Amino acid sequence: MWTPVGRGRWHGRALTVWAAAAAHRGLLEPRPTPTREAAAKSRTLDRLYSSADRKVTSEKIDLSRFSVENIRNFSIIAHVDHGKSTLADRLLELTGTIDKTKNNKQVLDKLQVERERGITVKAQTASLFYNCEGKQYLLNLIDTPGHVDFSYEVSRSLSACQGVLLVVDANEGIQAQTVANFFLAFEAQLSIIPVINKVDLKNADPERVEKQIEKVFDIPSDECIKISAKLGTNVERVLQAVIERIPPPKVHRKNPLKALVFDSTFDQYRGVIANVALFDGVVSKGDKIVSAHTKKTYEVNEVGVLNPNEQPTHKLYAGQVGYLIAGMKDVTEAQIGDTLYLHKQPVEPLPGFKSAKPMVFAGMYPIDQSEYNNLKSAVEKLTINDSSVTVHRDSSLALGAGWRLGFLGLLHMEVFNQRLEQEYNASVILTTPTVPYKAVLSSAKLIKEYREKEITIINPAQFPDKSKVTEYLEPVVLGTIITPDEYTGKVMMLCQARRAVQKNMMYIDQNRVMLKYLFPLNEIVVDFYDSLKSLSSGYARDKAHSVGKAICERLKESLPRQLFEIAIQAAVGSKIIARETVKAYRKNVLAKCYGGDITRKMKLLKRQAEGKKKLRKIGNIEVPKDAFIKVLRTQCDK
């Protein structure tokens, strides 16, 4: 595996420069020269542990030099494509964490899918060392995703912070996820520093964005920092604001260890690598720690910080953010939100997080059933690195054995599928996404079978008949739409066509309107964003007939013709709402009849009709897998 410049293994010269600079700043402790045997062992372990993803150095940073007052923990939050990762790159360069080169683009985005799509999928941490007014500061930065599907990553990251940089595009202004992320930070009672980015763009209007921020978030316009992360303009002022406006963590180093696990990844050689934020105490290599969730005891093998790659340290202290390796072989042992404490020194567990709630479900099956075990292994490994995906075994008469997977959203599903293909070379059939429903049962027999009156349905095939149900419940979401005022009417028509209920409408400036609607999730999960972009209208509220007809037509085109007629029907419950017919092949039984009596011809035709009638009763139709794949596509190519 190769890594771009600025990440992975550091070459000799760059390593020497970094070590010399760190020693000059008093961050390193000298270590004795290793023996030949120790050096050989170190090289072997280095190769074994895939050091392409780690910065290799013979020195360790001494974190005891940073008092709590000189630590700042903060996240960067924003709407997608407002420049979070670019700002993070400039902050890494300014603090000397990475060399300043033209290739520094999305340095913290380590996944291939992130670089291809130009988005952040997984929150990444980096510890920066910064000298301000003669004082050394430790700045722990967490770069977060901007898409709504990954807001769970954002909420977890904020738990390790005392403040945030709220980045807003000077051209686009406040957008939907800007609002959502602001309220996540606001509810967590974090200090918020508004940063207006991309002021170098031709159409940038930072003054207009300042007014939007003041009106929507009630943050004075004079607190906004105007920058160009791409050019590096005024970025140093952001670092100064972090030190001045974000408070140090409120922790106690003399208390017993209390550490929060806010993220984790999996390494096939070292096991689970847990990202932790220390709220009290100290942890070092050799300590025995206990998980408050599983009550299991582990011995700490390594602690360190991300700089931005793994940099081992002797200890981690309260107020600091870093990683910890303790021989956990399963990601379930490093439960997100878990509290770690020293053996025989129990503490009150931290509140933790609400578990991720999947909102989109899809069936996943191997293209060839012989690949089932390989795909199973790939899914297990990938879910270790993405604990927000839920997995349930499933089977289909047409597609065979597979799984029903739960995702946080449609993009989350697409990214998961893309990572399967890129990282594990797995090709899969992914069914059309659906949302969970609830049914309140009226049948005593079903209540006894399910052991509860209200059940959750994630597979359409398991939908109970309406005669046995008191009522069905569907998930709804509160959606925020920000649009130019000239499109307000069309946007409102689109929302009404999707059965949405308007909750609020507010002008955030002279030309832009913020609308809030309560949407049924099923109406927006697949193609609402595309419809919103095109501002089309005229959708019927009852789409069952049109959807059923489209599926029947698609299946008609895919099924091979038989010697008998095939009826394809779409039904809601017991009501048939659409039908298509695959015409039968017809053998010309009259081909050999040249003239002659008409009764002879009628007799042959009658015998043919009886044969077809009998075939309809006993004939079996083998539906090819390709037909299911075509039917399961979201849109057919026409």
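Before reading on, note that the structure itself is shown above.
Figured I'd write up the structure that's included with this text. Predicted model only: the values in this text are computed from it and were never measured.

### A few points about the overall build of the protein
For the protein, the count of helices and strands is 17 helices and 30 strands. For the protein, the residues scored as buried account for 48% of the 638 residues in total. When contacts within the protein are restricted to residue pairs at least 6 apart in sequence, those whose partners lie at least 24 apart make up 70%. When the accessible surface of the protein is totalled, it reaches about 33100 Å², and 51% of it is carbon and sulfur.

### Description of the packing of helix α3 (residues 84-94) against helix α8 (residues 235-245)
At a minimum axis distance of 10 Å, the contact between α3 and α8 shows a crossing angle of 80°. Accordingly, the angle class assigned to the pair α3 and α8 is roughly perpendicular. Counting all contacts with α3, which are made through Leu87, Arg90, Leu91 and Leu94, the residues of α8 involved are Val235, Glu236 and Leu239. Of the residues contributing to the contact of α3 with α8, the split by class is 5 nonpolar, no polar and 2 charged.

### Observations concerning the side chain of serine 157
Topologically, serine 157 is positioned in helix α5 (residues 151-158). When neighbours within four sequence positions are excluded, serine 157 is seen to be in contact with Ser75, Ala123, Ile142 and Thr144.

### Here we look at the pairing of strand β10 (residues 271-280)
Of all 10 residues that make up β10, 9 are buried, and the element is covered over most of its length. Two strands pair when backbone bridges link them, and strand β9 (residues 258-267) and β10 are joined in this way by 9 bridges, in the antiparallel orientation. Residue pairing in the sheet places aspartate 263 in a bridge with asparagine 275 of β10. In the sheet, β10 pairs with strand β17 (residues 321-325) via 5 bridges, with the strands oriented antiparallel. Across the sheet, valine 276 pairs through a bridge with glycine 322, a residue of β17.

### Quick word on helix α6 (residues 176-187)
Between its terminal C-alpha atoms α6 stretches 17 Å, which fits the 16 Å expected from 12 residues at 1.5 Å a residue. Regarding α6, the residues found buried are Gln177, Thr178, Val179, Asn181, Phe182 and Ala185. Phi turns positive one or two residues past the end of α6, at glutamine 189, with a value near 60°.

### Some thoughts on the sheet that holds strand β4 (residues 124-132)
Strand order in the open sheet formed by 6 strands is β4-β5-β3-β6-β7-β8, and the pairing between neighbours is mixed. The sheet is open, and its two edges are formed by β4 and β8 (225-226), each paired on a single side. In this sheet, strand β7 (residues 191-197) lies alongside strand β6 (residues 163-169) in parallel orientation, the contact comprising 7 bridges. Bridge pairing links glycine 163 to serine 191 in β7.

### Describing the sheet that holds strand β21 (residues 400-407)
Reading across the sheet, the 4 strands line up as β20-β21-β19-β22 and stay open at both edges, with antiparallel pairing between neighbours. The open sheet is flanked by β20 (390-396) and β22 (428-430), the only strands paired with a single partner. Strand after strand, the sheet turns through a mean of 30° between neighbouring axes, direction not considered. Pairing between strand β19 (residues 360-366) and β22: 3 bridges, direction antiparallel. What sits directly across from tyrosine 365, in β22, is isoleucine 429.

### What about a negative patch on the surface?
The grouping of Glu214, Asp218, Asp222 and Glu223 at the surface amounts to a negative patch. Relative to the assigned elements, aspartate 222 resides in the loop between α7 (206-217) and β8.

### Structural notes on the packing of aromatic side chains
Under the counting rule described, the total for this entry stands at 11 aromatic pairs. When the ring of phenylalanine 183 is compared with that of phenylalanine 186, the centres are 6.5 Å apart and the planes differ by 85°; the resulting orientation is edge-to-face. Of the two residues, phenylalanine 183 and phenylalanine 186 are both situated in helix α6; the distance of 3 residues between them amounts to about one turn of the helix. On the accessibility criterion, phenylalanine 186 (51% relative accessible area) is exposed. Pairing tyrosine 517 with phenylalanine 519 gives two aromatic rings, centres 5.8 Å apart and planes at 45°, and the pair type is tilted. For the pair shown, tyrosine 517 and phenylalanine 519 are each scored as buried. Here the aromatic cluster, defined as three or more aromatic residues joined through ring pairs, consists of Phe182, Phe183, Phe186 and Phe217.

The rules we used
Residues numbered from 1 in each chain as written. Predicted model: local features only at pLDDT ≥ 70, side-chain atom pairs only at ≥ 80, totals over all residues. Heavy atoms only, no water. Helix = DSSP H or I, 4+ residues; strand = E, 2+ residues; numbered from the N terminus. Buried < 20%, exposed > 50% of the residue type's maximum accessible area, 1.4 Å probe, protein only. Contact = heavy atoms within 4.5 Å. Areas by Shrake-Rupley, 256 points an atom, 1.4 Å probe, with all protein chains shown as cover. Axes fitted to C-alpha atoms, helices over the stretch in contact; angles between N-to-C directions. Parallel < 35°, antiparallel > 145°, perpendicular 65-115°, else oblique. Nonpolar A, V, L, I, M, F, W, Y, C, P; charged D, E, K, R; others polar. Pairing = 2+ DSSP bridges. Expected span 1.5 Å × (residues − 1). Patch = residues over 30% accessible without salt bridge, like charges linked within 9 Å, V, L, I, M, F, W, Y side chains within 5 Å. Salt bridge = Lys/Arg side-chain N within 4 Å of Asp/Glu carboxyl O. Lys, Arg positive; Asp, Glu negative; His and termini not counted. Charge placed at Lys NZ, Arg CZ, Asp CG, Glu CD. Phe/Tyr/Trp six-rings, centres within 6.5 Å; stacked < 30°, edge-to-face > 60°.

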